[in-house]
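# Coordinate analysis (summary)
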Amino acid sequence: MSSSWFEQLESQLEQQLEAFLGSHPGQQELLELEELLERQRRLRRRRLQIQAQAEQLRQALLQIAGEITQWQERVRRARAAGAQELAGRAEAHQGQLMGQGRDRWQLLGELGKEFARVEQELQELEQRQQARPKPSGKPAREPVGDPATAPDLERAWADFESRQELEELRRRSRPAGP
């Protein structure tokens with residue numbers, strides 16, 4: 001019973017909102033613009049999260065690469081000393097480390113793809129925002145300090161820097177081992 005009450009309330013509120021927006025078309029534009037800006041803010045936060053995750057994976061890959069190198073040397077030393085059983089165990093551990101490295105490398109690739117999707121969506125939203133007519137009833141001016149409405153050059157520069165950082169992360173994250 002409470003479900004139907006809630007649904008009725010929701011329906012009534014939705015009708016009131018539609019009636020208000022129908023009689024105030026400028027508010028509809030502002031509402032749509034605010035939704036667009038909020039989506040851009042969420043995507044920018046996700047982009048930062050992806051970059052942080054990629055950096056953590058890069059650090060983990062570097063650590064694993066160092067451990068692999070260390071165990072390669074241990075395998076060599078054990079074989080040279082005739083400790084075949086120990087060399088075999090060390091080699092097995094080295095194989096596990098290489099598997100961990102491959103897994104992390106794959107995760108980094110997936111993050112790169114997600115980063116590209118987020119960047120693409122951000123660009124599309126920014127293009128939609130630029131194509132939108134300015135809300136009526138208010139002078140067309142850009143708010144100071146709002147990155148979502150910064151001049152085109154600032155947006156282009158930020159996109160360029162993001163792409164450069166991602167490419168640098170990819171270069172640094174390439175496994176040093178086999």
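Quick caveat: nothing in here was measured; it's all calculated off a predicted structure. (Residues numbered from 1 in each chain as written. Predicted model: local features only at pLDDT ≥ 70, side-chain atom pairs only at ≥ 80, totals over all residues. Heavy atoms only, no water.)

Turning our eyes to something else, we now look at the overall build of the protein. In terms of regular secondary structure, the protein is built from four helices and zero strands. Secondary structure elements in the protein, listed N-terminal to C-terminal, are α-α-α-α. The long-range share in the protein, meaning contacts at least 24 apart out of those at least 6 apart in sequence, stands at 77%. As presented, the protein carries roughly 12,400 Å² of accessible surface, and 54% of it is formed by carbon and sulfur atoms. (Helix = DSSP H or I, 4+ residues; strand = E, 2+ residues; numbered from the N terminus. Contact = heavy atoms within 4.5 Å. Areas by Shrake-Rupley, 256 points an atom, 1.4 Å probe, with all protein chains shown as cover.)

Core analysis: the biggest nonpolar cluster contains 16 residues, and Leu43, Ile50, Ala54, Leu108, Leu111 and Val118 have the highest contact counts within it. Here this core takes eight residues from helix H2 (residues 25–80), the largest share from any one element. Setting aside its immediate chain neighbours within four residues, Leu43 contacts Val118, Glu121, Leu122 and Leu125. (Core = buried A, V, L, I, M, F, W, Y, C linked by side-chain atoms within 4.5 Å. Buried < 20%, exposed > 50% of the residue type's maximum accessible area, 1.4 Å probe, protein only.)

Enumeration according to the criterion identifies zero aromatic pairs in this entry. In this structure, Arg74 is placed above the aromatic ring of Trp71, and the distance from its NZ or CZ to the ring centre is 4.4 Å. (Phe/Tyr/Trp six-rings, centres within 6.5 Å; stacked < 30°, edge-to-face > 60°. Lys NZ or Arg CZ within 6 Å of the ring centre and 35° of its normal.)

Another aspect to go through is the confidence of the model for the protein. Per-residue confidence for the protein gives a mean pLDDT of 83; residues scoring 70 or more make up 81%. The weakest mean pLDDT in the protein belongs to helix H4 (residues 152–172) at 71; the strongest belongs to helix H3 (residues 84–131) at 93. (pLDDT = per-residue confidence, 0-100.)

Turning to the packing of H2 against H3, a few remarks are in order. Across the interface, H2 lies against H3 with an axial gap of 8 Å and an inter-helix angle of 165°. Taken together, the axis directions place H2 and H3 in an arrangement best described as roughly antiparallel. Two packed elements cross with a definite hand, and for H2 against H3 that hand is left-handed. Across the contact of H2 with H3, the residue classes break down as 27 nonpolar, ten polar and 13 charged. (Axes fitted to C-alpha atoms, helices over the stretch in contact; angles between N-to-C directions. Parallel < 35°, antiparallel > 145°, perpendicular 65-115°, else oblique. Left-handed = near helix turned anticlockwise from the far one by under 90°. Nonpolar A, V, L, I, M, F, W, Y, C, P; charged D, E, K, R; others polar.)

Between its terminal C-alpha atoms H2 stretches 82 Å, which fits the 82 Å expected from 56 residues at 1.5 Å a residue. One or two residues past the end of H2 sits Gly82, with phi positive at roughly 80°. (Expected span 1.5 Å × (residues − 1).)

Nonpolar side chains collect at one region of the surface, where Trp5, Phe6, Leu9 and Leu13 lie side by side and expose about 430 Å² of accessible area between them. In this fold, Trp5 is placed in helix H1 (residues 2–23). Residue classification places Trp5 among the exposed residues on the basis of a relative accessible area of 54%. (Patch = residues over 30% accessible without salt bridge, like charges linked within 9 Å, V, L, I, M, F, W, Y side chains within 5 Å. Salt bridge = Lys/Arg side-chain N within 4 Å of Asp/Glu carboxyl O.)

Let us now look at the side chain of Arg47. Turning to its location among the elements, Arg47 is positioned in helix H2. With near-sequence residues (within four places) excluded, Arg47 lies in contact with Phe115, Val118, Glu119, Leu122, Asp159 and Ser162.

Our next topic: the pattern of salt bridges. Evaluation of the coordinates by the stated rule reveals twelve salt bridges. Among the ionic pairs, Glu34 bridges to Arg41, the shortest N-O distance being 2.7 Å. A relative accessible area of 41% places Glu34 in the partly exposed class. A salt bridge links Arg47 to Glu119, with the shortest nitrogen-to-oxygen separation between them at 2.7 Å. With Arg47 in helix H2 and Glu119 in helix H3, this residue pair connects regions lying 72 residues apart in the sequence. Glu119 gets classed as buried once you look at its relative accessible area, which sits at 6%.

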